[in-house]
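Next come the chains, spelled out residue by residue.
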Amino acid sequence: MNDETRLCTFFLDQQMYGIDVRSVQEVIRYQEMTEVPLAPESVVGLINLRGQIVTAIDLRKRLKLPQRGGDALPMNVVIHGEDGAISLLVDQIGDVQSILPENYESPPDTMSSSSRELIRGTYKLKDRLLLVLNTEKTTRFSDGSD
Amino acid sequence: MTIQDDELQKEFVIESLEHLASVETQLLELESDDDSIDLDKINNVFRAIHSIKGVAGFLSLDTLESLAHREEEVLNRLRNRELRPTHDVINTLLKATDRLRSLLDSIESSNSEDVSDHIDALEKLLADSSIETSVSDSSEPSHVEHCRAVEMELVTTDGPMPETSAPQEPSAPEAPSEAGRKNATGLRDFLIESFDHLEQIEAYLVALESNPGSQDVLNAIYRVFHSLKGSSDFLGFQRTAAVAHASEGIMSELRAGRLVYNTPVANCMFQVLDHLRKQISRIEQLHGEGIDDVEPVLECIQDVLRVMDHGSRVPVKLDSKRTPAPQGIPASLPHALESSKIASDSAPGVAKPSTPKPTPAKPSPSNNPEGAAPSASESTIRVDVSLLDKLMTRVGELVLARNQILQFAGKLADNDLISATQRLNLITTELQEGVMKTRMQPIGNIWSKLPRLVRDLAETCGKRVRIEMQGKDTELDKTIIEAIKDPLTHLVRNTVDHGIERPEVRVECDKPEEGCLYLQAYHEGGQVNIEISDDGAGLNLAKIRTKAVEKGLITPDQASKLSDHDTAQLIFLPGFSTADKVSNVSGRGVGMDVVKTNIEKIGGTIDLQSTEGLGTSIKIKIPLTLAIIPALIITNNGNRFAIPQVNLSELVRVDTTTSETQIEWIHGTPVYRLRGQLLPLVFLHQILGRSAGGQNVSESVNIVVLRVDGRQFGLVVDRINDTEEIVVKPMGKLLKHIPVFAGATIMGDGKVALILDVLGLASKSTIVSKDANRTGYHSSANAANAKITPTRQMVICSSEDRRLALPISQVARLEKIPVKEIEHTDNREVVQYRNSILPLIRLCESLGIRDTTPSSDGLMDVIIYEENSRTYGLVVHRIVDIVDATIDELQPCNHKALLGSTVIHGHVTEVVNLPAIIQREFLGIMPNASEGEQRSCPE
């Protein structure tokens, strides 16, 4: 990682996560989804994004976090995937943060392995920790972890 | 010297391939009309090859260039009638053309390829012809003489030309045959084109006055003069050519900056222009050049050049160009390109109206090189297909947005808004159609390759085959065009190899020696039909039966029961071939199966008709576009799904009051008795791993009867919505592995719906995989179906001992209704049906026969018919089947309720005139009088 990286941040279960801002196509409000039977559990549906059909992944389910409570609607962070756009459902969207490599640390060894491989590392911000998501692994389901 | 300009090279390849496509057609035509040699065609071919040669030389593609050059020479002989377009000559030319194409395909390595065999063959033709006509080698000097005024131009272009360009000096004798050259159409084209050219030059010259240094304008003028020179020289108008050539020289100097465009030069140019105009008008009147004196104009030009020479630039002039024309600088490319062509052009003296321009967007007027004036060719551009796809998506999105706005506008009832919305509506529709059209291509694009194929094949097989084509302009989506290319080629190969007999056999059968292969394409009902028929031997059905049994594809018992039509379909089975020996053309038995699979992959169907001794006809039906397909929309667990209509066979609605007896279970497997046959049932919610929908226990069960791979199964869904045209969109990688979905689509309300893959559904529920032997001929008596045009699905029912049929298109639904539900109103039998009153008509009564047999199970078969949004129920004794049937001719009969009788599947069957029955029964009592007016034959 060279010098400064800009991360698009969002929140899941109070925890701040970030992904490289360059991989983000857009952030949109909650969209109505069409569920896909037989799909991996964390694939929660398909969204019509201006004529393009985008697969939505619920990050809470993907990271095995507790279910979103109440009627709070998630936000869509649409990223450029390997083939076309993929939407990540998050609780809330944060700022774009510039981070420096010296604050970086790899995820703690004690983290559960399934979630651990989806996290690239941790950045220590002043008041909190920022987890960087591995978007490639998050949007791939070949390992059958779901 | 190589000029590394990929863009230019790519452009060259595309353009040249287009040229070659037309070359092939024209060569074949030349061969076929052997008596009258069509000079236009030779000229077109010549020009195409010449262009390739010119640019190849410029790009230092030496091998390509030398081959093109030899070919050009031969063509030149043809043109001058020193060589006749015999079979051998055309053959050699075709082969050389093929080689050119393969060189173009591997352009990077083309210089290391060996083409000597082709060159030798062409040289041999040349040698042969020079023996015949060695006398006429003298006209060349005169040609050069005329160009002497600016001969230096020729010399100076040596630089960019590769070594091999040396033989471009016209070794070919020029023996102008006046009669041929002054071919009327050629002349007319020349005149139109030339006047065009002059107008262009004038406009450019005016533009030059205000901007004397503009390279673009100078280049443009140069090109126009160059074309003019080429075409006039070619037609033998030497004086015009000389003037044009001289002017070209001036432009070249101007372009190189060695001459400044000032008033004297301008005056000279306008003088030239006027002179040319006069000269061409004279050609128009006299059909010949006349003996006009061109000296004053040429002198004027020379004066201009002389002034320049005196301006102490003489030494620079020659040397500056001897060193290669500046390369690498894009602006200089056209210059280099053009100057390299001067040498090649002036050598054999050739008309070249379609000068390749180094513009990125190049027109493709390959079909019409004659009439393609530059202005016309500039009206087409090449566009990347992916760009069109994107555009298409956006338009689709616009349509959805439009639909939403339409809904809002309806609610708000604001007049201005409504009229604006209507305009939006109209424009969007037109836009959508327009974008769709951009992806359409005429089927002629792939057909054009077939005559050559047929010719070569026929030759290899020692047969004579003529190919006829109709409906070349029929348009299809580009992706479909590409998808059917191979199957079509295969079918044509098959026809020539197996279908058409050898000439001697044909004569024995009283057929003309030459076999005929007939291709036809036309639109019908939103689909494209392609027919490939021949007048050959037809299929040997007995042999097919034997072979099929031998290979274990069917049992002897099945073989004896198969109808002729069904037997013919056997050739589509994998591994089937009746050929005794495998030829290098076909006969390995993989072909027809692949053809069928490929056609079905794009949602098409293929059918084969054959009459032994008279020929075979193959009919392919394919959708217009892959992107949009008709589909049935169903709802399950509150989600909508689309089922492609191709797989849909029928819809059955089972009332729950009776369904207990009708859906039966065999070891936990649900089945339904569909007209006496067991139909395996699949519950969609089970396949999708969801719990049963809430509606399941309510009033009815909906069964969608699907057909895949020759077998049928019923899919139980919650609700059947409607049929709709849907745009198929691929699903993301994450979901591609789910076999039951073929893709997704966006519905009218903007929401996403999944498209069910029927084959995937079937294999998930092990409908298909259970039976590896997928001949599909015993799945159902009517699965394989006889078809001659026109084919219709018919519902067969019986009343007493009579078999009756009516087109399924008239039938809304088929129902079983308990007899005890019949109520009476207005002296008429009615039942309550879907919350409304359904009037019943007893078919027996309409036909005047007595219905004596009471129904055994207390249910009656009712055909639901809808007309003018009214629903009627036709009570029949028994619904027998739904079949595909052909109704060639109806035997007329007296009864007004019948259209006539015919034979369907071996039984005499009467076709019911349902509208007439409804009309007779209800017209008198229907409150809506206007209905009567709409009917064609009120009683």
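The rules behind the values
- Residues numbered from 1 in each chain as written.
- Chains lettered and ligands numbered in written order.
- Predicted model: local features only at pLDDT ≥ 70, side-chain atom pairs only at ≥ 80, totals over all residues.
- Heavy atoms only, no water.
- Helix = DSSP H or I, 4+ residues; strand = E, 2+ residues; numbered from the N terminus.
- Buried < 20%, exposed > 50% of the residue type's maximum accessible area, 1.4 Å probe, protein only.
- Contact = heavy atoms within 4.5 Å.
- Axes fitted to C-alpha atoms, helices over the stretch in contact; angles between N-to-C directions.
- Parallel < 35°, antiparallel > 145°, perpendicular 65-115°, else oblique.
- Left-handed = near helix turned anticlockwise from the far one by under 90°.
- Nonpolar A, V, L, I, M, F, W, Y, C, P; charged D, E, K, R; others polar.
- Phe/Tyr/Trp six-rings, centres within 6.5 Å; stacked < 30°, edge-to-face > 60°.
- Pairing = 2+ DSSP bridges.
- Core = buried A, V, L, I, M, F, W, Y, C linked by side-chain atoms within 4.5 Å.
- Buried area = accessible area lost by both parts, 1.4 Å probe.
- Salt bridge = Lys/Arg side-chain N within 4 Å of Asp/Glu carboxyl O.
- Patch = residues over 30% accessible without salt bridge, like charges linked within 9 Å, V, L, I, M, F, W, Y side chains within 5 Å.
- Areas by Shrake-Rupley, 256 points an atom, 1.4 Å probe, with all protein chains shown as cover.
- Expected span 1.5 Å × (residues − 1).
- Polar contact = N/O pair within 3.5 Å; in protein donor to acceptor, adjacent residues only side chain to side chain.

## A closer look at the overall build of chain A
Phase 1: The helix and strand tally for chain A stands at three helices and 11 strands.
Phase 2: Secondary structure elements of chain A, listed N to C terminal, follow the sequence β-β-β-β-β-α-β-β-β-β-α-β-β-α.
Phase 3: The burial tally for chain A puts 48% of its 146 residues in the buried class.
Phase 4: Looking at chain A alone, contacts between residues at least 24 apart form 55% of all its contacts between residues at least 6 apart.

## A short note on the overall build of chain B
Phase 1: Assigned secondary structure in chain B consists of 31 helices and 29 strands.
Phase 2: Counting every position in chain B, which comprises 939 residues, the buried fraction comes to 51%.
Phase 3: Long-range contacts, defined as pairs at least 24 residues apart, comprise 70% of the intrachain contacts of chain B with a sequence gap of at least 6.

## Focus: the packing of helix 3 (residues 62-79) of chain B against helix 4 (residues 87-105) of chain B
Residue and element names in this part refer to chain B.
Phase 1: At a minimum axis separation of 10 Å, helix 3 and helix 4 run at an interaxial angle of 155°. It follows that helix 3 is roughly antiparallel to helix 4 by the angle criterion. At the point where helix 3 passes helix 4, the crossing takes the left-handed sense. Packed against helix 3, whose contacting residues are T63, L64, L67, A68, E71, V74, L75 and L78, the element helix 4 presents V89, L93, A96, T97, R99, L100, L103 and L104 at the interface.
Phase 2: Residue composition of the contact of helix 3 with helix 4, grouped by class: 12 nonpolar, two polar and two charged.

## Looking at the packing of aromatic side chains
Phase 1: Tallied over the full model, the rule gives five aromatic pairs over all chains.
Phase 2: Geometrically, the ring pair formed by F10 of chain A and Y17 of chain A is stacked, given 6.1 Å between the ring centres and 10° between the ring planes. Comparing F10 of chain A with Y17 of chain A, the two get one shared label, buried.
Phase 3: Seen from their ring centres, F641 of chain B and F741 of chain B are 6.4 Å apart, and the 0° between their planes marks the pair as stacked. Here the residue F641 of chain B occupies a position in strand 9 (residues 639-644), and F741 of chain B occupies one in strand 17 (residues 741-746), the gap between them amounting to 100 residues.
Phase 4: For F741 of chain B, a relative accessible area of 7% translates into the label buried.

## A few points about the pairing of strand 17 of chain B
Residue and element names in this part refer to chain B.
Phase 1: Most of strand 17 sits out of view: five of its six residues are buried.
Phase 2: For strand 17 and strand 18 (residues 752-756), the ladder comprises five bridges, and the chain directions are antiparallel. What sits directly across from T745, in strand 18, is A753.
Phase 3: Counted between consecutive antiparallel strands, the loop separating strand 17 from strand 18 contains five residues, among which G750 sits at a positive phi close to 90°.

## Quick word on the sheet that holds strand 22 (residues 823-825) of chain B
Residues and elements named next belong to chain B.
Phase 1: Ordered in space as 21-25-26-24-23-22, the six strands form an open sheet in which the pairing is mixed. Looking at which strands have only one partner, the edges of the open sheet turn out to be strand 21 (811-818) and strand 22. Along the sheet, successive strands turn relative to each other by an average axial angle of 40°, direction set aside.
Phase 2: The pairing of strand 25 (residues 859-867) with strand 26 (residues 870-876) spans seven bridges and is classified as antiparallel. Directly across from D861, in strand 26, lies its bridge partner V876.
Phase 3: Docked against the sheet, helix 30 (residues 914-922) engages strand 23 (828-833), strand 24 (836-842), strand 25 and strand 26, running at close to 105° with respect to strand 24.

## Examining the pairing of strand 12 (residues 669-674) of chain B
Residues and elements named next belong to chain B.
Phase 1: Sheet topology places strand 11 (residues 663-666) next to strand 12; four bridges connect them, and they run antiparallel. Bridging across to strand 12, W665 finds its partner in P670.
Phase 2: Connecting strand 11 to the antiparallel partner strand 12 that follows it, the hairpin turn spans two residues, and H667 within it adopts a positive phi of roughly 50°.
Phase 3: Taking the residues that link successive antiparallel strands as the turn, the strand 12-strand 13 (residues 677-683) hairpin has two residues, and the phi of R675 there is positive, at about 50°.

## Remarks on the sheet that holds strand 4 (residues 43-49) of chain A
Residue and element names in this part refer to chain A.
Phase 1: A sheet is described by the order of its strands in space; here five strands give the open sequence 3-6-7-5-4, paired in mixed fashion. Of all strands in the sheet, those bounded by a partner on one side alone are strand 3 (24-28) and strand 4. Looking at each pair of strands side by side, their axes are set apart by 30° on average, direction ignored.

## Description of the nonpolar core
Residue and element names in this part refer to chain B.
Phase 1: Counting residues in each nonpolar core, the largest one holds 54 residues, and the members touching the most others are L715 and F741.
Phase 2: Once residues lying within four places of it in the same chain are set aside, the contact partners of L715 are I643, V682, L684, N702, I703, V704, L706, L756 and L761.
Phase 3: Membership of the second largest hydrophobic core comes to 47 residues, among which are W447, L517, L562 and I622.

## Some points on unusual backbone geometry
As a rule of thumb, non-glycine residues mostly have phi less than zero, and peptide bonds are mostly trans rather than cis.
Phase 1: Of note, the phi angle at D510 of chain B is positive, near 65°, even though the residue is not glycine.
Phase 2: Tracing the backbone through its elements, the reader meets D510 of chain B in the loop between helix 21 (503-508) and strand 4 (515-524).

## Details of the interface of chain A and chain B
Phase 1: Each partner contributes residues to the interface: chain A has 23 residues there, and chain B has 29 residues.
Phase 2: For the chain A and chain B pair, buried surface summed over both sides reaches about 2100 Å², with 63% attributable to carbon and sulfur atoms.
Phase 3: For the chain A face of the interface with chain B, the top three residues by lost area are P37, L38 and I53 of chain A, together amounting to 29%.
Phase 4: If you look at where chain A meets chain B, you find one salt bridge.
Phase 5: One salt bridge in this structure joins E32 of chain A and K751 of chain B, with 3.3 Å as the shortest N-O distance.

## Examining a nonpolar patch on the surface
All names here are of chain B.
Phase 1: Together, I381, V383 and L387 give the surface a local cluster of nonpolar side chains, amounting to about 280 Å² of exposed area.
Phase 2: Take L387: it is sitting in helix 16 (residues 385-412).
Phase 3: Looking at L387, the relative accessible area reads 47%, which means it is partly exposed.

## Some remarks on helix 16 of chain B
Phase 1: Taking 1.5 Å of rise per residue, 28 residues should cover 40 Å, and helix 16 of chain B covers 40 Å from first to last C-alpha, within 8% of that figure.
Phase 2: Contact partners of the buried residues in helix 16 of chain B: strand 4 of chain A together with helix 17 (415-438) and strand 17 of chain B.
Phase 3: Remark: A413 of chain B follows helix 16 of chain B within two positions and exhibits a positive phi of approximately 55°.

## Some details on the side chain of N639 of chain B
Phase 1: Within the secondary structure, N639 of chain B sits in strand 9.
Phase 2: What makes N639 of chain B buried here is its relative accessible area of 14%.
Phase 3: Polar side-chain contacts of N639 of chain B include one of 2.8 Å to the side chain of E35 of chain A.
Phase 4: Setting aside residues no more than four positions away along its own chain, N639 of chain B makes contact with E35 of chain A together with I634 of chain B.

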